[in-house]
Amino acid sequence: MYECEERPQMQQSAGRQGGTRTTTRNTGSPDSSGSHQMRAVMGSFLPWLHDVAAVTLLKARRTLFQAAILFCVLGLLLWVSIFLYGSFYYSYMPTVSFSTPVHFYYTSDCGTSEPGLCSFPKANISFMKNERDQVMAYDQPYRVSLELEMPESPVNEHVGMFMVRMSSYTKGGRIVSSVGRSTMLHYRSSLLQTVSTLVFSPLLLTGIAEQKQLIEVELYLDYKQNANQPTIGAVIEIQSKRVQVYSSQLRIHAYFTGIRYLLYNFPLTSAVIGVASNFAFLSAIVLFSYLQFIWGGIWPPDQVRVRVVMGDNTRIQQRRQEARKRMERENSQMELASPKVIGSVNEASDFQGNDTRAEELSKTSSVIPDVPNTKKEESHDLKEPDEKDDSGGCPQPPEGGAILRQRPGPWMSL
């Protein structure tokens, strides 16, 4: 008895000790559970972060690739636009100005003792650039002038007025135009010459300045080249044997009108507008090509297919309704045109019973509502013309009885 009583006490003491141990274990569990939760959270967060980073990097690569392609296409379009505008400007705009030195030639072996020339000074000028291209364009007005650099010598002062003639010729040597203009030195009094000599004496002594005048002779104000007979050169002649000339220069300047005037006088604005127009046109072409390649057109093909199918369905329904009405009309005409069967003589007594039954059936049918079934009606209408007998729609005579036939008259319609 004592032993049995001691055992429960020992178990209670052991249980108390175990309880203390469990309490100590439970008191130490919050730190470990928190660490486990942190590990679980980090374990689920790191893969998510890795996936997000991968997706973001993929989107960034795709965006950069698309942006690079877009910038390359835009750069190519801009370069092509500039090239097209430059080609148009070079081909449409003629030579603005052309100048060439004029070298006069004359003869001096006339055998006279008087000083002077034996012939008028002449010069042959070519209007071909690089011996291939023409200087002047067709139907373009040009101003042609001759600049003469003449010394203020007493000989030129005594010469006074003299004539300058210009004759234009074609490839075969035919003269197509000729003009003559008069000119002379500008008058300067002796006092003015003395004062200008004293003032500019340092420059005159050093050779920086000279006592000369630049005379400009306007030969043509509005010269146009003929397309059928292009001008390839001209002969310039000074009709004076005593004139003295240092040098001369022939100048040809174009006067533009319309688009050429804008291109020449406003080059920057014209270039911006031209390049922008070419860029917009090429961008529209590239955009439509991209839509054609991606969608197969400006509008997606699905919408077009839906519209076409809807239109076909409505047309099919309309055709079905028209065919149904046509067949009903034909059936009604055939029923009116077919002969009526009155019946046999032996079955005359059954007419009244059949009439009463027909009336009852008509009443019941009027009470019961009709259920529309378009498919059965269509099939029935389609089968009706095929199910007719060879007898022309007339019923077969019953066995063992005579049939009375009567032609339809106007009273049958009543």
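One can find the structure itself at the top, above this paragraph.
Residues numbered from 1 in each chain as written. Predicted model: local features only at pLDDT ≥ 70, side-chain atom pairs only at ≥ 80, totals over all residues. Heavy atoms only, no water.

## Some details on the overall build of the protein
At step 1: Looking only at helices and strands, the protein has nine helices and 12 strands in total.
At step 2: Residues counted as buried form 19% of the 414 residues belonging to the protein.
At step 3: Expressed as a percentage of contacts within the protein between residues at least 6 apart in sequence, the contacts between residues at least 24 apart total 78%.
At step 4: Counting every atom, the protein has about 31700 Å² of accessible surface; 59% of that belongs to carbon and sulfur. (Helix = DSSP H or I, 4+ residues; strand = E, 2+ residues; numbered from the N terminus. Buried < 20%, exposed > 50% of the residue type's maximum accessible area, 1.4 Å probe, protein only. Contact = heavy atoms within 4.5 Å. Areas by Shrake-Rupley, 256 points an atom, 1.4 Å probe, with all protein chains shown as cover.)

## Observations concerning the packing of aromatic side chains
At step 1: Under the defined criterion, the tally for this structure stands at five aromatic pairs.
At step 2: An angle of 10° between the planes, with centres 5.7 Å apart, marks the rings of Trp-79 and Phe-83 as stacked. With Trp-79 and Phe-83 both in helix 1 (residues 2-92) and four residues apart, the pair spans about one turn of that helix.
At step 3: Stacked on the ring of Tyr-92, the Lys or Arg Arg-260 has its end atom at 4.6 Å from the ring centre. (Phe/Tyr/Trp six-rings, centres within 6.5 Å; stacked < 30°, edge-to-face > 60°. Lys NZ or Arg CZ within 6 Å of the ring centre and 35° of its normal.)

## Regarding the sheet that holds strand 7 (residues 175-183)
At step 1: One open sheet accounts for four strands, arranged 2-9-6-7; its pairing is antiparallel. Of all the strands in the sheet, just strand 2 (122-126) and strand 7 have a single pairing partner and so form its edges. For this sheet the average axis-to-axis angle between neighbouring strands, irrespective of direction, equals 15°.
At step 2: Note: strand 6 (residues 162-169) against strand 9 (residues 233-239), seven bridges, orientation antiparallel. Each residue of the ladder has a partner; that of Ser-167, found in strand 9, is Val-235. (Pairing = 2+ DSSP bridges. Axes fitted to C-alpha atoms, helices over the stretch in contact; angles between N-to-C directions.)

## Here we look at the sheet that holds strand 5 (residues 142-151)
At step 1: Ordered by their spatial adjacency, four strands build an open sheet running 1-10-5-8, and the pairing between neighbours is antiparallel. Across the chains shown, the open sheet's two edge strands, defined by having one partner strand only, are strand 1 (97-101) and strand 8 (212-223). For this sheet, the mean inter-axis angle between neighbouring strands, taken without regard to orientation, is 15°.
At step 2: In this sheet, strand 10 (residues 247-254) lies alongside strand 5 in antiparallel orientation, the contact comprising eight bridges. Across the sheet, residue Val-144 finds its bridge partner in strand 10, namely Ile-252.

## Re unusual backbone geometry
A negative phi angle is the norm for most residues apart from glycine, just as the trans form is the norm for most peptide bonds.
At step 1: A positive phi angle, near 55°, is found at Asp-139, a position not held by glycine.
At step 2: By the element assignment, Asp-139 lies in the loop between strand 4 (133-134) and strand 5.

## A look at the side chain of Arg-143
At step 1: Tracing the chain through its elements places Arg-143 in strand 5.
At step 2: There is a polar contact of 3.3 Å between the side chain of Arg-143 and the side chain of Glu-216.
At step 3: Among the polar contacts listed, one links the side chain of Arg-143 to the side chain of Glu-218, at a separation of 2.8 Å. (Polar contact = N/O pair within 3.5 Å; in protein donor to acceptor, adjacent residues only side chain to side chain.)

## Some words on helix 6 (residues 267-294)
At step 1: Counted at 1.5 Å a residue, the expected span for helix 6 with its 28 residues is 40 Å, and the 40 Å between its end C-alpha atoms agrees.
At step 2: Of the positions making up helix 6, those classed as buried are Ser-270, Gly-274, Val-275, Leu-282 and Leu-291. (Expected span 1.5 Å × (residues − 1).)

## Here's the deal with the nonpolar core
One broad rule of soluble globular proteins: the nonpolar side chains tend to lie buried together.
At step 1: Counting 35 residues, the largest nonpolar core has Leu-148, Val-164, Met-166 and Leu-219 as its most contacted members.
At step 2: Sorting the residues of this core by element identifies strand 2, strand 5, strand 6, strand 8, strand 9 and strand 10 as the ones contributing at least two each.
At step 3: When neighbours within four sequence positions are excluded, Val-164 is seen to be in contact with Leu-146, Leu-148, Val-179, Gly-180, Arg-181, Thr-183, Val-217, Leu-219, Ile-236, Glu-237 and Ile-238. (Core = buried A, V, L, I, M, F, W, Y, C linked by side-chain atoms within 4.5 Å.)

## Focus: the pattern of salt bridges
At step 1: Summed over all chains, the structure comprises six salt bridges.
At step 2: Linking Glu-218 and Arg-143 is a salt bridge whose minimum nitrogen-to-oxygen distance equals 2.8 Å. One end of the pair, Glu-218, is in strand 8; the other, Arg-143, is in strand 5, with 75 residues separating them in the sequence.
At step 3: Residues Lys-212 and Glu-149 are paired through a salt bridge, measuring 2.1 Å at the closest nitrogen-oxygen approach. Of this pair, Lys-212 sits in strand 8 while Glu-149 sits in strand 5, and the two are 63 residues apart along the sequence.
At step 4: Note on Lys-212: relative accessible area 35%, which makes it partly exposed.
At step 5: On the basis of relative accessibility, which here comes to 18%, the residue Glu-149 falls in the buried class. (Salt bridge = Lys/Arg side-chain N within 4 Å of Asp/Glu carboxyl O.)

## Quick word on the side chain of Ser-167
At step 1: Relative to the helices and strands, Ser-167 is located in strand 6.
At step 2: Under the relative-accessibility criterion, Ser-167 is labelled buried at 16%.
At step 3: A polar atom in the side chain of Ser-167 sits 3.3 Å from the side chain of Ser-178.
At step 4: With near-sequence residues (within four places) excluded, Ser-167 lies in contact with Ile-175, Ser-177, Ser-178, Gly-233, Ala-234 and Val-235.

## Some thoughts on the pairing of strand 10
A regular strand places its side chains so that they alternate between the two faces of the sheet.
At step 1: Burial along strand 10 is one-sided: Ser-248, Leu-250, Ile-252 and Ala-254 are buried, and none of Ser-247, Gln-249, Arg-251 and His-253, which face the opposite way, are.
At step 2: The pairing of strand 1 with strand 10 spans five bridges and is antiparallel. Across the sheet, residue Pro-101 finds its bridge partner in strand 10, namely Gln-249.

## Some points on the pairing of strand 5
At step 1: By the criterion of burial, strand 5 is predominantly enclosed, with 10 of the 10 residues buried.
At step 2: Looking at chain direction, strand 5 and strand 8 are connected through nine bridges and run antiparallel. Within the sheet, the bridge partner assigned to Leu-148 lies in strand 8 and is Ile-215.

## Describing the environment of Leu-84
At step 1: Mapped onto the fold, Leu-84 is located in helix 1.
At step 2: Residues Leu-84 and Asn-278, spaced 194 residues apart in sequence, show a C-alpha to C-alpha distance of 7.6 Å.

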